[in-house]
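The primary structure of each chain is shown beneath.
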Amino acid sequence: MAALPILRYPDPRLYKVAKPVQAVDARIRALIADMLETMYEAEGIGLAATQVDVHERLIVIDVSELRNEPLVLINPEIVWASEERKVGDEGCLSVPGVYDGVERAAAVRVRALDAQGESRVIDAEGLLAVCVQHEMDHLLGKVFVDYLSPLKRSRIRTKMIKAQREAEKA
Ligand code: GNR
Ligand code: NI
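Since this is a predicted model, take the numbers as computed values, not measurements. (Residues numbered from 1 in each chain as written. Chains lettered and ligands numbered in written order. Predicted model: local features only at pLDDT ≥ 70, side-chain atom pairs only at ≥ 80, totals over all residues. Heavy atoms only, no water.)

Asker: Please set out the coordination of the nickel ion (ligand 2) residue by residue, giving values where relevant.
Answerer: Around the nickel ion (ligand 2), the protein contributes the donor atoms Cys92 (SG), His134 (NE2) and His138 (NE2), which lie 2.1 to 2.3 Å from the metal centre. On the primary sequence, the residues serving as donors to the nickel ion (ligand 2) are separated as C-x41-H-x3-H. Note that Cys92 is positioned in the loop between strand E4 (85-90) and strand E5 (100-105) and His134 in helix H2 (residues 126-139), a separation of 42 residues in sequence. You'll find Cys92 and His134 in the same group, each marked buried. (Donors = N, O, S within 2.8 Å, 3.2 Å for Na, K, Ca; no water. Helix = DSSP H or I, 4+ residues; strand = E, 2+ residues; numbered from the N terminus. Buried < 20%, exposed > 50% of the residue type's maximum accessible area, 1.4 Å probe, protein only.)

Laid out in structure tokens, this is it:
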């Protein structure tokens with residue numbers, strides 16, 4: 001297993017649309033292991049393959065307190081979303097240090113394949129519902145800052161590019 005580098009906003013590769021996983025084979029299982037290691041090392045509650053520059057529909061999530069309840073979603077589809085919507089503060093491993101409110105469905109039902117390639121249905125509410133929607137957006141080439149105002153997004157872009165330059169100097 002190995003932790004993978006995480007793409008940082010505004011890297012254009014974060015805007016690529018992921019393709020379905022064709023087969024849950026040894027390559028995908030190795031990628032799942034690497035993505036879980038990457039997520040735990042970065043202390044995130046979720047990670048989409050897009051963020052590690054793999055453009056296939058694969059997500060790992062762990063919203064548990066003890067960080068011992070990994071969830072793997074392959075080719076996820078939202079089959080139902082509540083009419084009720086909620087605004088919650090979000091952050092992203094690809095936009096470190098930025099947190100802002102995003103409105104999303106309060107609850108969703110998702111169908112996906114698990115790490116064994118078995119079809120599963122997951123009912124999500126609260127933080128899990130937020131995380132599933134945030135990760136599925138990544139697979140569509142969307143980052144949470146895309147929901148913010150153009151002014152906020154432009155400030156975030158400038159801040160990220162500056163931080164990147166500083167990191168390269170160091
Ligand atoms: O670690 C993460 N925390 C988080 C907090 C609120 C809403 C969404 C998230 S997802 C984020 C990890 C990440 O960037 N996943 O793509
Ligand atoms: Ni994210």
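Asker: I'd love a proper account of the sheet that holds strand E3 (residues 71-81), names of residues and values included.
Answerer: The strand order across the open sheet formed by 5 strands is E1-E2-E3-E6-E7, and the pairing between neighbours is antiparallel. A single partner strand is all that each edge strand has here, and the edge strands are strand E1 (46-48) and strand E7 (119-125). Shown here is a sheet whose adjacent strand axes are inclined to one another by a mean of 40°, direction ignored. Contacting E1, strand E2 (58-61) and E3, helix H1 (residues 26-42) runs over the sheet at an angle of about 40° to E2. Across the sheet, H2 touches E1, E2, E3, strand E6 (107-113) and E7, and the angle it forms with E2 is around 150°. (Pairing = 2+ DSSP bridges. Axes fitted to C-alpha atoms, helices over the stretch in contact; angles between N-to-C directions. Contact = heavy atoms within 4.5 Å.)

Asker: I'd love a proper account of the layout of surface pockets, names of residues and values included.
Answerer: There is about 300 Å³ of room inside the largest pocket. Every element with two or more residues in the lining of the largest pocket is listed here: E4 and H2. Take the lining of the largest pocket: its biggest share by element is 6 residues, from H2. Class assignment of the residues belonging to the lining of the largest pocket gives a composition of 10 nonpolar, 7 polar and 3 charged. A volume near 160 Å³ is recorded for the second largest pocket. Only E4, E5 and H2 provide two or more residues apiece to the lining of the second largest pocket. Along the lines of polarity and charge, the residues of the lining of the second largest pocket split into 8 nonpolar, 2 polar and 5 charged. (1 Å grid on protein atoms, 1.4 Å probe; cavity = no way out; pocket = protein on both sides within 12 Å on 5 of 7 lines; lining within 4 Å. Points joined across faces, edges and corners; volume = space filled by probe spheres on them. Nonpolar A, V, L, I, M, F, W, Y, C, P; charged D, E, K, R; others polar.)

Asker: Can you explain the nonpolar core? Please cite residues and give values.
Answerer: What tends to happen in soluble globular proteins is that the nonpolar side chains get buried as a cluster. Within the largest apolar cluster, 18 residues are counted, with the highest numbers of intra-cluster contacts made by Ile59, Ile61, Leu71, Leu73, Val108, Leu128 and Val132. Looking at this core, the elements with two or more residues in it are E2, E3, E6, E7 and H2. Sort the elements by how many residues they give to this core and H2 lands first, with 6 residues. Excluding residues that lie within four positions of it along the chain, Ile59 makes contacts with Met35, Leu47, Ala48, Leu71, Val72, Leu73, Pro76, Glu135, Met136 and Leu139. The next biggest cluster of nonpolar side chains, apart from the first, holds 17 residues, and it includes Ile28, Leu36, Ala49 and Leu58. (Core = buried A, V, L, I, M, F, W, Y, C linked by side-chain atoms within 4.5 Å.)

Purely geometric stuff here, so don't read any function into it on its own.
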